[in-house]
Amino acid sequence: MINQLSKGLSLCLILLTILSCSERADQSNLEDQTENKIDSLLSLMTIDEKIGQLTLFTSDYDVTGPTMREGYIEDIKSGKVGAIFNAYGVDYTTKLQKIAIEETRLGIPLLFGYDVIHGHKTIFPISLGESSTWDLALIEKAARIAAIEASAEGLHWTFAPMVDISRDPRWGRVSEGSGEDTYLGAAIAKARVRGFQGSDLKETNTILATAKHFAAYGAALAGRDYNTVDMSDRVLRETYLPPFKAALDEGVATFMTSFNEVDGIPASGSKYLLNDILRDEWKFNGFVVTDYTSINEMIAHGFSTDLKNAAEQAINAGVDMDMQGAAYYDHLKELVSESKVSEKTIDQAVRNVLRMKFKLGLFDDPYRYSNKEREQSQVFTKEHLESAREVARASQVLLKNDNVLPISKDVKTIALIGPMGNNRRDLIGSWSAAGDWSKAVTLLEGIKEKLGSNTKIIQVNGSDVEGNDQSEFNRAIAAARNADVVILALGENYWMSGEAASRSNLDLPGVQKELAEAVLKVGKPTVTVLMNGRPLTIEWLDNSSDAILETWFAGTQAGHAIADVLFGDYNPSGKLTMSFPRNVGQIPIFYNNKNTGRPMTDEKYTSKYLDVSNDPLYPFGFGLSYTSFEYNNLKLSADKININDSLKVIVDITNTGDLDGEEVVQLYIQDLVGSVTRPVKELKGFQKIALNSGETKSITFTITEQDLAFYTASMDFKAEAGEFKIFVGGNSRDVIESKFTLNK
Ligand code: BGC
């Protein structure tokens, strides 16, 4: 019997191998065919047409929709532009595509790109919010829906995911990323690439994804956007590059260079980043696009003498496509004629771009994304809105709860106070693509719909987000006096995070703190709902509000999703992916720091501040639930392992509260001694699990060499023998621990 079984199994294995071999053979045949087709096409192309394929120009918006900048239509006709961004909608993209197909000499299809970041028309929470779900399936689903909608509107390509790690909440672009951690950031990068690109780019509901901004943009000095980045190669490779590599492993089609310099070289001119790492080490075979005019900016960086010089540096460094800078458009031809750039280099860049147009099937049918019927039926659908609500609920992080949440649905009077309570404009956050903010559900609407007419809701703004006007404070105080529960809805405007939106002060803007203090003095049970694009400094609020719910900018369904949490229809499960500092002086603050030679104690001469503790207000991974969880029985499968062994980490988690709930179980390691020092904790695994009240589940993690490896003193990526600690818990601070040894 056993023999038969094993025969059956080996037959299966042989069949599987043959099948996957033949699949692989098919795949490589297809790739060869594509390369042959590209060869033929290249042999027909003039130098101008080739440079056209390396040129990306923006469309503009008009009240009636997108329009082309003067001269661009002529450029499309003469084959001098190969890709357009910021144009969407089937009518418009089809019109432009028709020009490219019917009026150019070779009829090479245009590629349409756009910043589809957290939804296209149906807007999901900002990316930082989505990351707080720690739910890769949900994150993938959000990207999938964004791709379905974007592709239905004629788009082929999104400038996402943004995979920049950042430890500095002053930087406004943290709202677009997945927070401070490399391991989590890499996992989310993969989920988003899967979501956008689907399983086959030939499907018309998939779009090319872009890993951006390559590289280390999130480490801008002082959190100031576009600022200088300087770091060791070790930190670059260990902390900032892995999410890019993860995106590449998942098949990401394109990379976007960053605006910043790294080690004195602007990214768009960096042979090290684009050629040595991306092409030579990582074997990337998609194309590299610059960020907006970043070739031109190499002049201001002090790296290029003029635009011609910048174009030469960029193409020779490995930039394939020039976004909006017209550096290639204006200068590449001359550079080739002067032999400063070889035609081989140009051909390689064109090849990289054409390959993606082939992959999308645009040479089979350039109008595959021009389907009016799809545009009408697949955008902003009921199912998409339900998913947006699902993700928005899961992205909220309960930061504090002194028994006031969830609020009973029988509550008689609620005072909804603060500039975000009836705010619609800000809810879809920054980079909200084709999202229409006027379709977003406000918190007031969400609460009203949930509670119906039995509850009286007194809504008072109290103040604006910005400004000094306190004239509505008295009305706000009166509303609080007349209420059973107060909901304070506070936050930032949507434009205060995102690009060019760094802040040096992370307090609530305007007089919102004063408003909150005046309302809190009334003494009613008070829940603060925050809507913002980054961690804020809210220690005072933590000391005074009974509950705090971080909702980020939750997207089109914000009001419904927040009401679901406030009134207990959804038990919050989100966890922070960025530490919340106590004050700006603690920044950069992140959980995986080093111990230093003088770790903080009560002694004076240790690594600390005189005026604030080293701890963040809320640590990475933190988030409460309406129930509680207990971690017990942490066991390791061995206390000593060899390098090729894997180690099982087993832990019991019990839901000790009265409600069913979800918990993100987090696993961290610490390598106690290394040839280079290692962080005090590093996330190496997480699982989001559902537990009924009273239920216990045993969870297993597997640790392999890969999880223990790092860039050693000799810059080899490998694990070193010695002692390791294992920590498991519901956040990076409150953990139980064990130890094991990795044998020599
Ligand atoms: C941003 C990119 C974006 C591009 C195109 C730039 O300013 O840095 O993230 O993709 O514009 O809109």
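Now for a quick tour of the structure. Worth saying up front: this structure is predicted, and the values here are computed from it rather than measured. (Residues numbered from 1 in each chain as written. Predicted model: local features only at pLDDT ≥ 70, side-chain atom pairs only at ≥ 80, totals over all residues. Heavy atoms only, no water.)

The subject of this paragraph is helix H10 (residues 271-281). Those residues of H10 lying buried are Leu-273, Leu-274, Ile-277, Leu-278 and Arg-279. When H10 is viewed along its axis, its buried side chains cluster within an angular range of 160 degrees and face the same direction. Following H10 by one or two positions, Lys-283 adopts a phi angle in the positive range, close to 60 degrees. (Buried < 20%, exposed > 50% of the residue type's maximum accessible area, 1.4 Å probe, protein only. Helix = DSSP H or I, 4+ residues; strand = E, 2+ residues; numbered from the N terminus. Arc of directions from axis to C-beta.)

Turning our eyes to something else, we now look at the pairing of strand E21 (residues 661-671). Here E21 lies mainly inside the structure; 10 of its 11 residues are buried. In this sheet, strand E22 (residues 682-691) lies alongside E21 in antiparallel orientation, the contact comprising nine bridges. Bridge pairing links Leu-667 to Gly-685 in E22. Pairing between E21 and strand E26 (residues 722-729): six bridges, direction antiparallel. In the sheet register, Asp-671 faces E26, and the bridge partner there is Phe-724. (Pairing = 2+ DSSP bridges.)

Before going further, it helps to examine the layout of surface pockets. Its volume calculated, the largest pocket comes out at about 1,200 Å³. Taken together, 49 residues line the largest pocket, and the ones lying closest to its centre are Thr-182, Arg-237, Glu-238, Thr-239 and Pro-242. Of all the elements in the fold, those that place two or more residues in the lining of the largest pocket are helix H7 (182-197), helix H8 (233-240), helix H9 (242-249), E22, helix H22 (705-708) and strand E24 (710-711). Per element, the largest residue contribution to the lining of the largest pocket is six residues, and it comes from H8. Its residues assigned to classes, the lining of the largest pocket comprises 24 nonpolar, eight polar and 17 charged. Residue-level mapping places the lining of the largest pocket at the junction of two domains, with at least three residues from each of domain 1 (2-61 + 82-375) and domain 3 (629-742). (1 Å grid on protein atoms, 1.4 Å probe; cavity = no way out; pocket = protein on both sides within 12 Å on 5 of 7 lines; lining within 4 Å. Points joined across faces, edges and corners; volume = space filled by probe spheres on them. Nonpolar A, V, L, I, M, F, W, Y, C, P; charged D, E, K, R; others polar. Domains from an automatic or database assignment.)

Attention now goes to the sheet that holds strand E27 (residues 735-742). Read across the sheet, five strands follow the order E19-E27-E26-E21-E22 without closing on themselves; strand pairing throughout is mixed. Sheet topology places strand E19 (640-641) and E22 at the edges, where each strand pairs with a single neighbour. Pairing between E19 and E27: two bridges, direction parallel. Its bridge partner lying in E27, Lys-640 is registered against Thr-741.

By nearness alone, 13 residues border the ligand, and Asp-115, Arg-173, His-213, Asp-291 and Glu-499 come closest of all. Taking Glu-499, its side chain carries an N or O atom lying 2.7 Å from an oxygen atom of the ligand. Expressed as a share of its isolated accessible area of 310 Å², the protein-covered part of the ligand is 94%. In the shell around the ligand, the residues fall into seven nonpolar, one polar and five charged. (Near = heavy atom within 4 Å. Polar contact = N/O pair within 3.5 Å; in protein donor to acceptor, adjacent residues only side chain to side chain. Areas by Shrake-Rupley, 256 points an atom, 1.4 Å probe, with all protein chains shown as cover.)

Right, let's talk about the packing of aromatic side chains for a bit. If you walk through the whole model with that rule in mind, you get 26 aromatic pairs. Considering the side-chain rings of Phe-85 and Phe-159, the 5.8 Å spacing of their centres and the 70 degrees angle between planes classify their relative orientation as edge-to-face. Of the two residues, Phe-85 sits in strand E3 (residues 83-85) while Phe-159 sits in the loop between strand E5 (157-158) and H7, which places them 74 residues apart along the sequence. Taken individually, Phe-85 and Phe-159 each receive the classification buried, so the pair is uniform in this respect. Here the aromatic cluster, defined as three or more aromatic residues joined through ring pairs, consists of Trp-134, Tyr-183, Tyr-591, Phe-620, Tyr-668 and Phe-686. A cation over a ring is seen here: Lys-604 above Tyr-605, with NZ or CZ 5.7 Å from the ring centre. Above the plane of the ring of Phe-727 lies Lys-681, whose end atom (NZ or CZ) is 5.1 Å from the centre. (Phe/Tyr/Trp six-rings, centres within 6.5 Å; stacked < 30°, edge-to-face > 60°. Lys NZ or Arg CZ within 6 Å of the ring centre and 35° of its normal.)

Turning next to the sheet that holds strand E17 (residues 547-550). Pairing in this open sheet of six strands is mixed, and the strands run E12-E17-E16-E15-E13-E14 from one edge to the other. The open sheet is flanked by strand E12 (397-401) and strand E14 (456-460), the only strands paired with a single partner. On average, each strand axis in the sheet is tilted by 15 degrees relative to the strand beside it, whichever way the strands run. Two strands pair when backbone bridges link them, and strand E13 (residues 413-417) and E14 are joined in this way by five bridges, in the parallel orientation. Along E14, the bridge assignment pairs Thr-413 with Lys-456. (Axes fitted to C-alpha atoms, helices over the stretch in contact; angles between N-to-C directions.)

Bringing helix H14 (residues 343-359) into the picture now. Between its first and last C-alpha, H14 extends 24 Å over 17 residues, near the 24 Å set by a 1.5 Å rise per residue. Here H14 has its buried residues at Ile-346, Ala-349, Val-350, Arg-351, Asn-352, Val-353, Leu-354, Arg-355, Met-356, Lys-357 and Phe-358. Of the residues flanking the end of H14, it is Gly-361, one or two places downstream, whose phi is positive at about 80 degrees. (Expected span 1.5 Å × (residues − 1).)

Moving on to the nonpolar core. Core analysis: the largest hydrophobic core is formed by 103 residues, its most contacted members being Trp-157, Phe-214, Phe-255 and Tyr-328. Of the residues forming this core, the biggest block, seven residues, is contributed by H14. In this structure, Phe-214 is in contact with Leu-241, Phe-244, Phe-255, Met-256, Thr-257, Ser-258, Ala-267, Leu-273, Leu-274, Ile-277, Leu-278 and Trp-282, ignoring residues within four places of it in sequence. Membership of the second largest hydrophobic core comes to 87 residues, among which are Phe-124, Ile-414, Leu-490 and Ala-554. (Core = buried A, V, L, I, M, F, W, Y, C linked by side-chain atoms within 4.5 Å. Contact = heavy atoms within 4.5 Å.)

Glancing now at the packing of helix H6 (residues 136-152) against helix H16 (residues 382-395). Direction vectors running N to C along H6 and H16 enclose 145 degrees, while the axes themselves pass 10 Å from each other. For the crossing formed where H6 meets H16, the hand is left-handed. Packed against H6, whose contacting residues are Leu-138, Lys-141, Ala-142, Ile-145, Ile-148 and Glu-149, the element H16 presents His-384, Ser-387, Glu-390, Val-391 and Ala-394 at the interface. Tallied by class, residues from the contact of H6 with H16 come to six nonpolar, two polar and three charged. (Left-handed = near helix turned anticlockwise from the far one by under 90°.)

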